[in-house]
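Reading the structure
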Amino acid sequence: MRKGILSLTAAAAAITLGLTACGGESGGTTGAQETATQAAKPGKIGVILPDSKSSARWETADRKYLEEAFKTAGVAHDIQNAQGDKNTFQTIADQMITNGATVLVIVNLDSGTGKAVLDKAKSQGVATIDYDRLTLGGSASYYVSFDNVKVGTLQGEGLAKCLTEKKADKPIVAELNGSPTDNNATLFKQGYDGVLQPKYDSGDYVKGPDQSVPEWDNTQAGTLFEQMLTQEPKIAGVLAANDGLGNAAITVLKKQKLNGKVPVTGQDATVQGLQNILTGDQCMTVYKAVKKEADATAELAIALAKGEKPTVSGSVKDPEGGRDVPSVLLEPQAIFFDNVKDVVTDGYVSKDELCTGDFAEKCTEAGVS
Ligand code: BGC
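Residues numbered from 1 in each chain as written. Predicted model: local features only at pLDDT ≥ 70, side-chain atom pairs only at ≥ 80, totals over all residues. Heavy atoms only, no water.

With that settled, the discussion passes to the packing of aromatic side chains. The full count for this structure, using the stated rule, is three aromatic pairs. Where Y65 meets Y348, the ring centres are 6.5 Å apart and the plane angle is 20 degrees; that geometry is what we call stacked. Of the two residues, Y65 sits in helix α3 (residues 57-73) while Y348 sits in the loop between α12 (340-345) and α13 (351-354), which places them 283 residues apart along the sequence. The two residues Y65 and Y348 agree in class, both being buried. One aromatic cluster in this structure is built from Y65, Y287 and Y348. One Lys or Arg, K161, reaches over the ring of F336 and ends 4.1 Å from the middle of that ring. (Phe/Tyr/Trp six-rings, centres within 6.5 Å; stacked < 30°, edge-to-face > 60°. Helix = DSSP H or I, 4+ residues; strand = E, 2+ residues; numbered from the N terminus. Buried < 20%, exposed > 50% of the residue type's maximum accessible area, 1.4 Å probe, protein only. Lys NZ or Arg CZ within 6 Å of the ring centre and 35° of its normal.)

Right, dumping it as C-alpha coordinates:
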(Lines give C-alpha, C1' and ligand atoms only; values in the text may rest on other atoms or scores of the structure.)
Protein backbone atom coordinates (compact mmCIF):
# COMPACT_ATOMS: atom_id res chain seq x y z
CA MET A 1 0.00 0.00 0.00
CA ARG A 2 2.69 2.46 1.06
CA LYS A 3 4.67 1.84 -2.07
CA GLY A 4 1.48 2.49 -4.01
CA ILE A 5 1.03 5.87 -2.36
CA LEU A 6 4.57 6.96 -3.19
CA SER A 7 4.55 6.00 -6.84
CA LEU A 8 1.13 7.48 -7.19
CA THR A 9 2.16 10.82 -5.76
CA ALA A 10 5.11 11.02 -8.11
CA ALA A 11 2.98 10.24 -11.13
CA ALA A 12 0.30 12.65 -10.02
CA ALA A 13 2.92 15.36 -9.70
CA ALA A 14 4.05 14.65 -13.22
CA ILE A 15 0.65 15.44 -14.66
CA THR A 16 0.13 18.50 -12.47
CA LEU A 17 1.50 21.00 -14.95
CA GLY A 18 -0.84 20.02 -17.71
CA LEU A 19 -3.87 20.38 -15.49
CA THR A 20 -3.24 23.47 -13.39
CA ALA A 21 -5.20 25.60 -15.80
CA CYS A 22 -8.42 23.90 -14.86
CA GLY A 23 -7.71 23.41 -11.17
CA GLY A 24 -10.05 26.02 -9.78
CA GLU A 25 -13.38 24.75 -10.95
CA SER A 26 -14.06 22.08 -8.39
CA GLY A 27 -16.58 23.95 -6.27
CA GLY A 28 -18.96 24.69 -9.15
CA THR A 29 -22.53 23.51 -9.19
CA THR A 30 -23.01 23.40 -12.92
CA GLY A 31 -20.67 21.71 -15.30
CA ALA A 32 -21.97 23.46 -18.39
CA GLN A 33 -19.49 26.28 -18.72
CA GLU A 34 -16.57 23.93 -18.16
CA THR A 35 -17.41 21.77 -21.13
CA ALA A 36 -15.34 23.65 -23.64
CA THR A 37 -12.14 23.83 -21.59
CA GLN A 38 -12.31 20.37 -20.02
CA ALA A 39 -13.36 18.09 -22.83
CA ALA A 40 -9.96 17.06 -24.11
CA LYS A 41 -8.17 16.65 -20.78
CA PRO A 42 -7.51 13.06 -19.69
CA GLY A 43 -7.65 11.67 -16.17
CA LYS A 44 -10.24 13.91 -14.65
CA ILE A 45 -12.02 12.74 -11.47
CA GLY A 46 -15.70 13.51 -10.90
CA VAL A 47 -17.29 13.24 -7.46
CA ILE A 48 -21.04 13.42 -6.79
CA LEU A 49 -22.07 14.12 -3.20
CA PRO A 50 -25.68 13.30 -2.20
CA ASP A 51 -27.09 16.41 -0.53
CA SER A 52 -26.25 19.02 2.07
CA LYS A 53 -29.15 18.53 4.48
CA SER A 54 -29.13 14.90 5.65
CA SER A 55 -25.80 15.54 7.35
CA ALA A 56 -23.43 18.48 7.62
CA ARG A 57 -20.55 16.14 6.77
CA TRP A 58 -20.92 16.13 2.97
CA GLU A 59 -20.19 19.80 2.46
CA THR A 60 -18.10 20.56 5.55
CA ALA A 61 -15.91 17.47 5.62
CA ASP A 62 -16.11 15.21 2.55
CA ARG A 63 -15.88 17.98 -0.03
CA LYS A 64 -13.05 19.69 1.85
CA TYR A 65 -10.91 16.59 2.36
CA LEU A 66 -11.44 15.20 -1.16
CA GLU A 67 -10.61 18.55 -2.66
CA GLU A 68 -7.48 18.86 -0.54
CA ALA A 69 -6.33 15.40 -1.58
CA PHE A 70 -6.88 16.06 -5.29
CA LYS A 71 -5.23 19.46 -5.12
CA THR A 72 -2.21 18.07 -3.31
CA ALA A 73 -1.85 15.42 -6.00
CA GLY A 74 -2.44 18.02 -8.69
CA VAL A 75 -5.19 16.08 -10.45
CA ALA A 76 -8.11 17.66 -12.27
CA HIS A 77 -11.33 17.17 -10.40
CA ASP A 78 -14.93 18.28 -10.26
CA ILE A 79 -16.91 17.83 -7.04
CA GLN A 80 -20.64 18.46 -7.22
CA ASN A 81 -23.65 17.95 -4.99
CA ALA A 82 -26.96 16.49 -6.24
CA GLN A 83 -28.88 18.23 -3.41
CA GLY A 84 -31.04 15.17 -2.84
CA ASP A 85 -32.40 15.13 -6.40
CA LYS A 86 -32.06 11.86 -8.30
CA ASN A 87 -32.53 13.49 -11.70
CA THR A 88 -29.88 16.08 -10.90
CA PHE A 89 -27.63 13.22 -9.80
CA GLN A 90 -27.93 11.52 -13.18
CA THR A 91 -27.54 14.79 -15.08
CA ILE A 92 -24.36 15.64 -13.17
CA ALA A 93 -22.96 12.18 -13.92
CA ASP A 94 -23.71 12.56 -17.65
CA GLN A 95 -22.13 16.02 -17.71
CA MET A 96 -19.02 14.84 -15.90
CA ILE A 97 -18.51 12.04 -18.39
CA THR A 98 -19.12 14.38 -21.34
CA ASN A 99 -16.63 16.77 -19.81
CA GLY A 100 -13.93 14.13 -19.78
CA ALA A 101 -14.16 12.42 -16.39
CA THR A 102 -12.40 9.07 -16.54
CA VAL A 103 -13.16 8.24 -12.92
CA LEU A 104 -16.48 8.75 -11.20
CA VAL A 105 -16.87 8.67 -7.40
CA ILE A 106 -20.47 8.59 -6.18
CA VAL A 107 -22.45 8.67 -2.93
CA ASN A 108 -25.71 7.24 -4.22
CA LEU A 109 -29.15 8.59 -3.30
CA ASP A 110 -30.55 5.09 -3.70
CA SER A 111 -29.27 1.88 -5.23
CA GLY A 112 -31.53 2.05 -8.29
CA THR A 113 -30.35 5.40 -9.61
CA GLY A 114 -26.83 4.73 -8.35
CA LYS A 115 -26.70 1.53 -10.38
CA ALA A 116 -27.93 3.29 -13.51
CA VAL A 117 -25.15 5.88 -13.16
CA LEU A 118 -22.46 3.28 -12.45
CA ASP A 119 -23.51 0.98 -15.31
CA LYS A 120 -23.61 3.84 -17.80
CA ALA A 121 -20.19 5.05 -16.69
CA LYS A 122 -18.78 1.56 -16.98
CA SER A 123 -20.19 1.13 -20.47
CA GLN A 124 -18.27 4.27 -21.45
CA GLY A 125 -15.01 3.06 -19.96
CA VAL A 126 -15.21 5.29 -16.89
CA ALA A 127 -13.89 3.70 -13.69
CA THR A 128 -16.18 4.00 -10.66
CA ILE A 129 -15.96 4.09 -6.87
CA ASP A 130 -18.83 3.78 -4.38
CA TYR A 131 -17.98 6.35 -1.72
CA ASP A 132 -19.42 5.73 1.75
CA ARG A 133 -22.61 4.01 0.49
CA LEU A 134 -22.55 0.68 -1.34
CA THR A 135 -24.77 0.62 -4.42
CA LEU A 136 -26.63 -2.70 -4.19
CA GLY A 137 -26.53 -4.62 -7.44
CA GLY A 138 -24.15 -1.97 -8.73
CA SER A 139 -20.94 -2.21 -10.71
CA ALA A 140 -18.46 0.04 -8.89
CA SER A 141 -14.87 -1.18 -9.07
CA TYR A 142 -14.26 -0.20 -5.41
CA TYR A 143 -16.13 0.67 -2.26
CA VAL A 144 -14.63 2.92 0.43
CA SER A 145 -16.47 3.38 3.71
CA PHE A 146 -16.46 2.62 7.42
CA ASP A 147 -17.41 -0.60 9.11
CA ASN A 148 -21.05 0.44 9.20
CA VAL A 149 -22.34 -2.48 11.26
CA LYS A 150 -19.73 -1.46 13.83
CA VAL A 151 -21.09 2.12 13.71
CA GLY A 152 -24.49 0.70 14.70
CA THR A 153 -23.00 -1.51 17.39
CA LEU A 154 -21.30 1.52 18.94
CA GLN A 155 -24.64 3.37 18.89
CA GLY A 156 -26.46 0.46 20.57
CA GLU A 157 -23.74 0.03 23.18
CA GLY A 158 -23.56 3.79 23.70
CA LEU A 159 -27.28 4.04 24.35
CA ALA A 160 -27.06 1.09 26.77
CA LYS A 161 -24.21 2.83 28.63
CA CYS A 162 -26.20 6.06 28.99
CA LEU A 163 -29.35 4.20 30.08
CA THR A 164 -27.33 2.41 32.74
CA GLU A 165 -25.90 5.73 33.95
CA LYS A 166 -29.45 7.08 34.20
CA LYS A 167 -30.40 3.94 36.15
CA ALA A 168 -33.30 3.46 33.73
CA ASP A 169 -35.54 0.58 34.71
CA LYS A 170 -36.99 -1.42 31.81
CA PRO A 171 -36.64 1.61 29.52
CA ILE A 172 -38.83 1.95 26.45
CA VAL A 173 -36.48 2.49 23.52
CA ALA A 174 -37.54 4.26 20.32
CA GLU A 175 -35.59 3.83 17.08
CA LEU A 176 -35.28 6.54 14.43
CA ASN A 177 -33.55 4.78 11.55
CA GLY A 178 -31.90 6.32 8.51
CA SER A 179 -33.27 6.35 4.99
CA PRO A 180 -34.73 3.02 3.86
CA THR A 181 -32.99 3.47 0.51
CA ASP A 182 -29.51 3.88 2.04
CA ASN A 183 -27.74 0.55 2.48
CA ASN A 184 -25.77 2.11 5.32
CA ALA A 185 -28.99 2.66 7.28
CA THR A 186 -29.65 -1.08 6.98
CA LEU A 187 -26.15 -1.83 8.27
CA PHE A 188 -26.39 0.67 11.15
CA LYS A 189 -29.68 -0.93 12.21
CA GLN A 190 -28.16 -4.38 11.97
CA GLY A 191 -25.48 -3.16 14.37
CA TYR A 192 -27.69 -1.48 16.97
CA ASP A 193 -30.42 -4.09 16.85
CA GLY A 194 -27.71 -6.65 17.49
CA VAL A 195 -27.22 -4.93 20.85
CA LEU A 196 -30.83 -3.93 21.59
CA GLN A 197 -32.80 -7.00 20.44
CA PRO A 198 -31.35 -9.35 23.10
CA LYS A 199 -32.30 -6.72 25.70
CA TYR A 200 -35.85 -6.54 24.36
CA ASP A 201 -35.96 -10.34 24.33
CA SER A 202 -34.77 -10.62 27.92
CA GLY A 203 -37.17 -7.95 29.13
CA ASP A 204 -34.38 -5.57 30.22
CA TYR A 205 -35.61 -3.03 27.65
CA VAL A 206 -39.02 -2.56 26.11
CA LYS A 207 -39.24 -2.15 22.36
CA GLY A 208 -40.92 1.14 21.50
CA PRO A 209 -41.74 2.73 18.14
CA ASP A 210 -39.28 1.90 15.37
CA GLN A 211 -39.37 3.89 12.15
CA SER A 212 -37.22 4.80 9.16
CA VAL A 213 -36.83 8.41 8.13
CA PRO A 214 -37.16 8.83 4.36
CA GLU A 215 -34.04 10.44 2.89
CA TRP A 216 -32.72 11.09 6.40
CA ASP A 217 -34.97 14.18 6.32
CA ASN A 218 -34.52 16.00 9.63
CA THR A 219 -37.88 17.80 9.45
CA GLN A 220 -39.74 14.54 8.87
CA ALA A 221 -37.74 13.01 11.70
CA GLY A 222 -39.10 15.69 14.06
CA THR A 223 -42.67 15.00 12.97
CA LEU A 224 -42.18 11.25 13.29
CA PHE A 225 -40.65 11.56 16.73
CA GLU A 226 -43.41 13.88 17.90
CA GLN A 227 -45.91 11.19 16.91
CA MET A 228 -43.84 8.53 18.66
CA LEU A 229 -43.78 10.49 21.87
CA THR A 230 -47.50 11.16 21.74
CA GLN A 231 -48.16 7.49 21.17
CA GLU A 232 -45.67 6.42 23.82
CA PRO A 233 -44.97 9.27 26.30
CA LYS A 234 -42.69 7.08 28.43
CA ILE A 235 -39.96 6.70 25.79
CA ALA A 236 -36.79 6.55 27.91
CA GLY A 237 -34.10 6.23 25.24
CA VAL A 238 -33.78 7.14 21.56
CA LEU A 239 -31.57 5.31 19.10
CA ALA A 240 -31.25 7.99 16.42
CA ALA A 241 -29.11 6.93 13.47
CA ASN A 242 -27.27 10.22 13.00
CA ASP A 243 -26.77 13.62 14.63
CA GLY A 244 -29.42 15.30 12.46
CA LEU A 245 -32.09 12.77 13.43
CA GLY A 246 -30.89 12.95 17.04
CA ASN A 247 -31.22 16.72 17.06
CA ALA A 248 -34.75 16.43 15.66
CA ALA A 249 -35.66 14.17 18.59
CA ILE A 250 -33.91 16.47 21.10
CA THR A 251 -35.89 19.46 19.80
CA VAL A 252 -39.14 17.58 20.47
CA LEU A 253 -37.92 16.38 23.90
CA LYS A 254 -37.05 19.97 24.82
CA LYS A 255 -40.67 21.03 24.37
CA GLN A 256 -41.62 18.43 27.02
CA LYS A 257 -38.62 19.35 29.20
CA LEU A 258 -37.39 15.79 28.72
CA ASN A 259 -34.08 16.70 27.10
CA GLY A 260 -31.12 15.41 29.08
CA LYS A 261 -33.35 12.90 30.83
CA VAL A 262 -33.89 10.72 27.77
CA PRO A 263 -30.56 9.71 26.21
CA VAL A 264 -30.35 10.15 22.43
CA THR A 265 -27.64 8.77 20.13
CA GLY A 266 -26.19 10.16 16.91
CA GLN A 267 -23.47 9.82 14.31
CA ASP A 268 -21.05 12.04 12.36
CA ALA A 269 -19.57 14.13 15.18
CA THR A 270 -21.14 17.25 13.71
CA VAL A 271 -20.69 20.54 15.56
CA GLN A 272 -24.36 20.41 16.53
CA GLY A 273 -24.11 16.80 17.73
CA LEU A 274 -21.01 17.54 19.79
CA GLN A 275 -22.63 20.63 21.30
CA ASN A 276 -25.68 18.51 22.21
CA ILE A 277 -23.31 16.12 23.95
CA LEU A 278 -21.63 18.99 25.81
CA THR A 279 -24.99 20.20 27.17
CA GLY A 280 -25.99 16.65 28.12
CA ASP A 281 -28.90 16.54 25.67
CA GLN A 282 -27.22 13.87 23.55
CA CYS A 283 -25.67 10.70 24.92
CA MET A 284 -23.10 10.00 22.24
CA THR A 285 -22.14 10.30 18.60
CA VAL A 286 -19.99 8.19 16.31
CA TYR A 287 -16.92 9.86 14.89
CA LYS A 288 -15.87 8.67 11.47
CA ALA A 289 -12.55 10.13 10.40
CA VAL A 290 -13.75 11.37 7.03
CA LYS A 291 -10.25 12.58 6.17
CA LYS A 292 -9.09 8.96 6.07
CA GLU A 293 -12.08 7.96 3.97
CA ALA A 294 -11.45 10.82 1.53
CA ASP A 295 -7.71 10.13 1.36
CA ALA A 296 -8.21 6.42 0.65
CA THR A 297 -10.75 7.28 -2.06
CA ALA A 298 -8.53 9.93 -3.62
CA GLU A 299 -5.63 7.50 -3.70
CA LEU A 300 -7.71 4.90 -5.55
CA ALA A 301 -9.28 7.48 -7.87
CA ILE A 302 -5.90 8.92 -8.80
CA ALA A 303 -4.50 5.46 -9.54
CA LEU A 304 -7.55 4.69 -11.70
CA ALA A 305 -7.18 8.01 -13.50
CA LYS A 306 -3.69 6.85 -14.45
CA GLY A 307 -5.11 3.65 -15.87
CA GLU A 308 -3.81 1.51 -13.03
CA LYS A 309 -5.70 -1.28 -11.28
CA PRO A 310 -4.95 -0.64 -7.60
CA THR A 311 -5.29 -3.52 -5.17
CA VAL A 312 -6.97 -3.25 -1.79
CA SER A 313 -6.91 -5.81 0.98
CA GLY A 314 -10.60 -6.05 1.85
CA SER A 315 -13.84 -6.87 0.12
CA VAL A 316 -17.54 -6.59 0.84
CA LYS A 317 -20.24 -8.92 -0.47
CA ASP A 318 -22.98 -7.09 -2.32
CA PRO A 319 -26.04 -9.04 -1.13
CA GLU A 320 -28.04 -8.08 -4.20
CA GLY A 321 -25.51 -8.56 -6.99
CA GLY A 322 -23.77 -11.42 -5.18
CA ARG A 323 -20.46 -9.79 -6.09
CA ASP A 324 -17.38 -9.34 -3.89
CA VAL A 325 -16.58 -5.65 -4.15
CA PRO A 326 -12.95 -4.70 -3.41
CA SER A 327 -13.26 -2.47 -0.36
CA VAL A 328 -11.53 -0.24 2.13
CA LEU A 329 -13.43 -0.14 5.46
CA LEU A 330 -12.31 2.18 8.22
CA GLU A 331 -12.90 2.05 11.97
CA PRO A 332 -15.49 4.31 13.63
CA GLN A 333 -15.10 5.67 17.18
CA ALA A 334 -17.74 6.26 19.87
CA ILE A 335 -17.73 9.77 21.35
CA PHE A 336 -19.17 10.68 24.76
CA PHE A 337 -18.75 13.85 26.86
CA ASP A 338 -15.33 12.70 28.10
CA ASN A 339 -13.76 12.23 24.67
CA VAL A 340 -15.38 15.02 22.67
CA LYS A 341 -11.87 16.45 22.79
CA ASP A 342 -10.59 13.62 20.56
CA VAL A 343 -12.59 14.99 17.62
CA VAL A 344 -10.99 18.41 18.08
CA THR A 345 -7.50 16.94 18.53
CA ASP A 346 -7.97 15.03 15.28
CA GLY A 347 -8.71 18.33 13.52
CA TYR A 348 -12.21 17.30 12.40
CA VAL A 349 -13.92 20.13 14.27
CA SER A 350 -12.15 23.26 15.49
CA LYS A 351 -12.32 24.53 19.04
CA ASP A 352 -13.50 27.88 17.67
CA GLU A 353 -16.59 26.49 15.98
CA LEU A 354 -17.42 24.09 18.82
CA CYS A 355 -16.81 26.24 21.88
CA THR A 356 -18.88 29.30 20.97
CA GLY A 357 -20.87 31.31 23.53
CA ASP A 358 -22.36 29.18 26.29
CA PHE A 359 -20.51 26.10 25.06
CA ALA A 360 -17.13 27.59 26.09
CA GLU A 361 -17.59 26.62 29.71
CA LYS A 362 -18.71 23.11 28.80
CA CYS A 363 -15.68 22.78 26.52
CA THR A 364 -13.38 23.60 29.42
CA GLU A 365 -15.18 21.02 31.55
CA ALA A 366 -14.76 18.44 28.80
CA GLY A 367 -11.05 19.27 28.45
CA VAL A 368 -11.35 20.64 24.91
CA SER A 369 -8.32 22.81 24.27
C1 BGC B 1 -23.65 8.22 6.06
C2 BGC B 1 -23.80 9.01 7.33
C3 BGC B 1 -24.78 10.17 7.12
C4 BGC B 1 -26.06 9.70 6.45
C5 BGC B 1 -26.94 10.87 6.04
C6 BGC B 1 -24.99 7.77 5.57
O7 BGC B 1 -24.91 7.02 4.41
O8 BGC B 1 -22.81 7.11 6.29
O9 BGC B 1 -22.54 9.49 7.74
O10 BGC B 1 -25.10 10.76 8.33
O11 BGC B 1 -25.77 8.94 5.30
O12 BGC B 1 -26.32 11.66 5.10
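Picking up where we left off.
What follows is about the state of the cysteines. Enumeration according to the criterion identifies two disulfides in this entry. The disulfide bridge from C162 ends at C283, spanning 2.2 Å between sulfur atoms. Linking C162 and C283, the disulfide has an S-S dihedral of approximately 85 degrees and is accordingly described as right-handed. Within this pair, whereas C162 is found in helix α6 (residues 148-165), its partner C283 is found in the loop between α10 (271-279) and β9 (285-287), the two being separated by 121 residues in sequence. Of the residues examined, C162 reaches a relative accessible area of 8% and is grouped as buried. Taking relative accessible area as the criterion, C283 reaches 9% and is therefore assigned buried. Disulfide pairing is shown between C355 and C363; the S-S distance is 2.1 Å. On the S-S bond that ties C355 to C363, the torsion sits near -90 degrees, and the link is left-handed. For the pair C355 and C363, a shared accessibility class is recorded, and that class is buried. (Disulfide = S-S within 2.5 Å.)

Another aspect to go through is the site of the ligand. The local shell around the ligand holds 14 residues, among which S54, D132, R133, D182 and D268 are the closest. The side chain of R57 places a nitrogen or oxygen atom 2.9 Å from an oxygen atom of the ligand. Separating an oxygen atom of the ligand from a side-chain N or O atom of N242 is a distance of 2.9 Å. In the complex, 100% of the free accessible area of the ligand, which totals 310 Å², lies under the protein chains. Going through the elements one at a time, α3 and α7 (183-202) are the ones with two or more residues in the shell around the ligand. When grouped by side-chain class, the residues that make up the shell around the ligand number three nonpolar, five polar and six charged. Here the shell around the ligand spans two domains, since at least three of its residues come from each of domain 1 (6-10 + 38-146 + 290-331) and domain 2 (148-288 + 334-365). (Near = heavy atom within 4 Å. Polar contact = N/O pair within 3.5 Å; in protein donor to acceptor, adjacent residues only side chain to side chain. Areas by Shrake-Rupley, 256 points an atom, 1.4 Å probe, with all protein chains shown as cover. Nonpolar A, V, L, I, M, F, W, Y, C, P; charged D, E, K, R; others polar. Domains from an automatic or database assignment.)

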